[in-house]
Amino acid sequence: MTAASNTSSPTPKDNRHALCHGLGLFGESYLLFSIGTLRPLWETLYPLCFSNNNNNDNGANTSCPHPYLTYNSLSYSVVLGVMLGMLIVGNLAGRIGRRNGSLLTASIMVGGAVILVLASWLLAGKYDNSNENDNSNNNKESGRPDVLFMVMSAALFLFGIGVGGEYPLSASLASERAMVAMKERRRLEEEKEEQNERRGKMIATDLISSRLLTTTALNDDCSSNHEVKGNNLHSWQTTTTTSANMTTQIEHYNVAQQSKLSTSKTSSSSKTLSRGREVIVVFSMQGMGILANSLILTFLLLLTKQKGQQQQNDNDDINRQNDDYNDNNNSYTNQYHNQITLLYIWRIIYAIGLAILIYVLVSRIRHLNESEVWTQDRLKRDEEGLERRQQQSMKQQQQGGQLLEEGDSVGFVPPSIVPQDVEKEKEENENEQQQQCREQQQESERQLLFKHYGIRLFGTSITWLLWDIAFYGNKLFQSTFLLALTGEDATLTHISGAAAINAFVALLGYYAAALIVDNPNVGRLRLQQTGFVITGTLFLICGFLSEHLSSTTLVVIYLGSSFFGQCGPNCTTFLIPAEVFPTELRTVCHGISASAGKLGALIASILFTFAKTDKALFLISGYTSFAAAIFTFLTIPDLTTLDLYEIDRHWRMILNGTEYEYDGLAVDPKHLSYLERRKNRSAVM
């Protein structure tokens, strides 16, 4: 069986694990990406808050004095919260454990979701359906939407902190579960190989015994019949030939058994390559959350028969009320809308998200166990740290005993007869020294991190940053993209349906990545590079040739970019930081990398807001994708076939100062990035 055999599709067991451990990602993405899918509803309910012109000289726009900041604060606040959560919770998870970190993130997300639901009920305003056919009243806003969006911004900031912590924790937990499962599978395979080897030796021994018995019987028969010397010579020659043939057969049997065992070992090793698949299948729950949000919105719009139509409002009464509103190309008239129904749709969507997150929190409290890899690694580091401190203490004691002056003489006093107060002071001094030692060790660990893994950390951070400029800028401003695809006469149902189609195509990309990521002929590095190049090319085609292509072609190209974006950089930028760092630093480094990605999302939110045309949006996405492909080649190693326990062993030897004694696979050139190989060659020279 070849290495290609590991490209089997995700199993039902993988899907169950993804549902159990990825439900947090499902819930956060369901609510997080609703910023884009719910915008058309908010534009209908609060049209004055989406005016492009901030001029309010006449005081007409009293409900939204700062339209631009009112809505965009949602995007900015959630990105800032996500960045903060990735850094803080990612750092804490390395100390308090994966379970406690997961409970913390789930609690924070539930708190933020509760505020969002309450805001949609208490601050969204009241609408009267009695005049729903009266166009002059349909576009009037109710309540104080500026206060509403301010509270929602604060809630999304809190929610974002929980979301940020969910990224490094879910990736690390999935990767570490895969490490344990892989270790157990290899243990069972080794036991099976040993049993087969013992069975082969027993068969060979039985074969030798049977042939020897046959030869002995033949010799005894010849002696009993007193045959002539010539016949005895013939018998001896026959026996010798038989023994030689027996030896040759045994050698052939042993070679065949060794070849069979080698083939079995290769096949088994191929089957154990499932770490990347398990991580990505968990991560695919994010895509499921986005799809679920779009489908539920579309279903509710169809169920309530709301057919909003985007068009330029030419109602003279409304023009006199707000001249700026006419200039907003993304506004919706209420001619076909029942505003109270849209308000309840918004509330239902948020309530469903809250229910999911409450279930996540309760299930984690009841069922989530601590990571075995993190626990074992922490115990080993604690044991080695205690051993180092004991060695230091023994060296200090060997330097001399405690001296006690008695007049002009100095005598040696054993530690057992030192006065109690002196012993207590000694213990306090030792505790203080140990605290200083731990602080110095933490500072030393940070220095060692940047020394040995700085290139990787920069690579995972810069590639995630550049990808999020293209990907999250696309998602946070999804309505703008979809309007370019569906045309100016799109209804709310059309737009939500288009978002659902795009989310479904993206979800297929998740599963395609899970299908091939563990194939050594593909691997993480090649998959990420190829995905960047393909998506960059498609975005540039949309940017340069959009005026010459039909709308159908543009839609196909855009959906293609969604597929290859998931089957490539969106999955690999999540997976790689969970593999290329030691267990002790995994959540910290993953959090740093992911926060850099969200910095890219923040940059994208600014760039995409000021971009005047769709062409500029696609060109920004295309150029950043190609830049990310270059950084991937330079800084990212491919650890598809590496056992991650080797990275932990290498890191512990680095902490102990015995790095020079390590000669394992973690420093093999095939598991290093291009710049790391160059760095090692320069150090040798």
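Everything numeric in this text was worked out from a predicted model, so none of it was measured.

Each value, and the rule that gives it
- Residues numbered from 1 in each chain as written.
- Predicted model: local features only at pLDDT ≥ 70, side-chain atom pairs only at ≥ 80, totals over all residues.
- Heavy atoms only, no water.
- Helix = DSSP H or I, 4+ residues; strand = E, 2+ residues; numbered from the N terminus.
- Areas by Shrake-Rupley, 256 points an atom, 1.4 Å probe, with all protein chains shown as cover.
- Phe/Tyr/Trp six-rings, centres within 6.5 Å; stacked < 30°, edge-to-face > 60°.
- Buried < 20%, exposed > 50% of the residue type's maximum accessible area, 1.4 Å probe, protein only.
- Core = buried A, V, L, I, M, F, W, Y, C linked by side-chain atoms within 4.5 Å.
- Expected span 1.5 Å × (residues − 1).
- Salt bridge = Lys/Arg side-chain N within 4 Å of Asp/Glu carboxyl O.
- Polar contact = N/O pair within 3.5 Å; in protein donor to acceptor, adjacent residues only side chain to side chain.
- Axes fitted to C-alpha atoms, helices over the stretch in contact; angles between N-to-C directions.
- Parallel < 35°, antiparallel > 145°, perpendicular 65-115°, else oblique.
- Left-handed = near helix turned anticlockwise from the far one by under 90°.
- Nonpolar A, V, L, I, M, F, W, Y, C, P; charged D, E, K, R; others polar.
- Patch = residues over 30% accessible without salt bridge, like charges linked within 9 Å, V, L, I, M, F, W, Y side chains within 5 Å.
- Contact = heavy atoms within 4.5 Å.
- pLDDT = per-residue confidence, 0-100.

### Some details on the overall build of the chain
When its secondary structure is counted, the chain shows 23 helices and 2 strands. Just so you have it, the chain exposes about 32,700 Å², and 58% of that area is on carbon and sulfur atoms.

### Here we look at the packing of aromatic side chains
Counted by the stated rule, this structure contains 16 aromatic pairs. Ring centres of W42 and W346 lie 5.7 Å apart, and the angle between their planes is 70°; this geometry places the pair in the edge-to-face category. Taken as a pair, W42 in helix 4 (residues 39-45) and W346 in helix 13 (residues 339-367) lie far apart in primary sequence, 304 residues in all. Under the relative-accessibility criterion, W42 is labelled buried at 0%. Ring centres of Y46 and F149 lie 5.9 Å apart, and the angle between their planes is 80°; on these two criteria the pair is classed as edge-to-face. In this pair, Y46 sits in the loop between helix 4 and helix 5 (67-96) while F149 sits in helix 8 (residues 145-224), placing the two residues 103 residues apart along the sequence.

### Quick look at the nonpolar core
With 83 residues, the main nonpolar core has W42, Y46, M152, W346 and Y350 as its most contacted residues. Ranked by size, the runner-up nonpolar core spans 21 residues in total, among them L525, I576, L644 and L655.

### Quick notes on helix 21 (residues 614-635)
Between its first and last C-alpha, helix 21 extends 32 Å over 22 residues, near the 32 Å set by a 1.5 Å rise per residue. For helix 21, the set of buried residues is L617, F618, L619, S621, G622, T624, S625, A628, A629, T632 and T635.

### So, the side chain of D468
Looking at the element boundaries, D468 is found in helix 15 (residues 420-476). Among the residues examined, D468 registers a relative accessible area of 0% and is labelled buried.

### A closer look at the pattern of salt bridges
Applying the stated criterion to the full structure yields 11 salt bridges. Between E579 and R275 there is a salt bridge whose closest N-O contact spans 2.7 Å. Remark: R275 occurs in helix 10 (residues 275-303) and E579 occurs in the loop between helix 19 (551-575) and helix 20 (583-610); sequence separation between them is 304 residues. Taken as a pair, E579 and R275 share a single burial class, namely buried. Between R524 and E579 there is a salt bridge whose closest N-O contact spans 2.7 Å. Residue R524 is found in helix 18 (residues 523-545), and its partner E579 is found in the loop between helix 19 and helix 20; the two are separated by 55 residues along the sequence. Across the pair, E579 and R524 agree in class, each one buried. Salt bridges sharing partners connect three or more residues here, namely R275, D518, R524 and E579.

### A closer look at the environment of Y660
Looking at the secondary structure, you find Y660 in the loop between helix 22 (645-655) and helix 23 (674-684). Among the residues examined, Y660 registers a relative accessible area of 66% and is labelled exposed. Among the polar contacts listed, one links the side chain of Y660 to the side chain of E661, at a separation of 3.4 Å.

### Remarks on the packing of helix 18 against helix 21
The contact between helix 18 and helix 21 brings their axes to 7 Å, and the two run at 155°. Relative to helix 21, helix 18 is oriented roughly antiparallel. The way helix 18 lies across helix 21 gives a crossing that is left-handed. Residue composition of the contact of helix 18 with helix 21, by class: 14 nonpolar, 10 polar and 1 charged.

### Thoughts on a nonpolar patch on the surface
Taken together, the side chains of L80, L84, L87, I88, L92, I96, L104 and F157 present a nonpolar region at the surface, about 590 Å² in accessible area. Residue L80 is classed as partly exposed on the basis of its relative accessible area of 41%.

### A short note on the environment of E372
Residue placement: E372 occurs in helix 14 (residues 372-398). E372 gets classed as partly exposed once you look at its relative accessible area, which sits at 43%. Note: C-alpha distance between E372 and R98 (274 residues apart in sequence) is 9.8 Å.

### Some remarks on the packing of helix 18 against helix 19
The geometry of helix 18 relative to helix 19 is characterised by a closest axis approach of 8 Å and an angle of 150° between their N-to-C directions. Taken together, the axes of helix 18 and helix 19 are roughly antiparallel relative to one another. Both helix 18 and helix 19 take part in a crossing whose hand is left-handed. Contact with helix 18, carried on its side by R524, L527, Q528, G531, F532, I534, T535, L538, F539, I541 and C542, involves L554, I557, G560, S561, F564, G565, C567, G568, P569, T572, T573 and L575 of helix 19 and no other residues of that element. Across the contact of helix 18 with helix 19, the residue classes break down as 13 nonpolar, 9 polar and 1 charged.

### So, the side chain of E646
Tracing the sequence through the fold places E646 in helix 22. With a relative accessible area of 19%, E646 lands in the buried category. Within the structure, E646 has its side chain in polar contact with the side chain of Y662 (distance 2.5 Å).

### Some details on the confidence of the model for the chain
Residue-level pLDDT values for the chain average 75, and 66% of them are 70 or greater. Segment residues 231-236 is flagged for pLDDT under 50; beyond a separation of four residues in sequence, or across chains, it makes 4 contacts in the model. In this model residues 261-271 is a low-confidence stretch, pLDDT under 50, and it forms 15 contacts with partners more than four residues away in sequence or in other chains.

### Here we look at the environment of A596
Here A596 shows up in helix 20. Among the residues examined, A596 registers a relative accessible area of 14% and is labelled buried. Separated by 134 residues in the primary sequence, A596 and I462 place their C-alpha atoms 7.0 Å from one another. Apart from the residues lying within four places of it in its own chain, the contact partners of A596 are S461 and L465.

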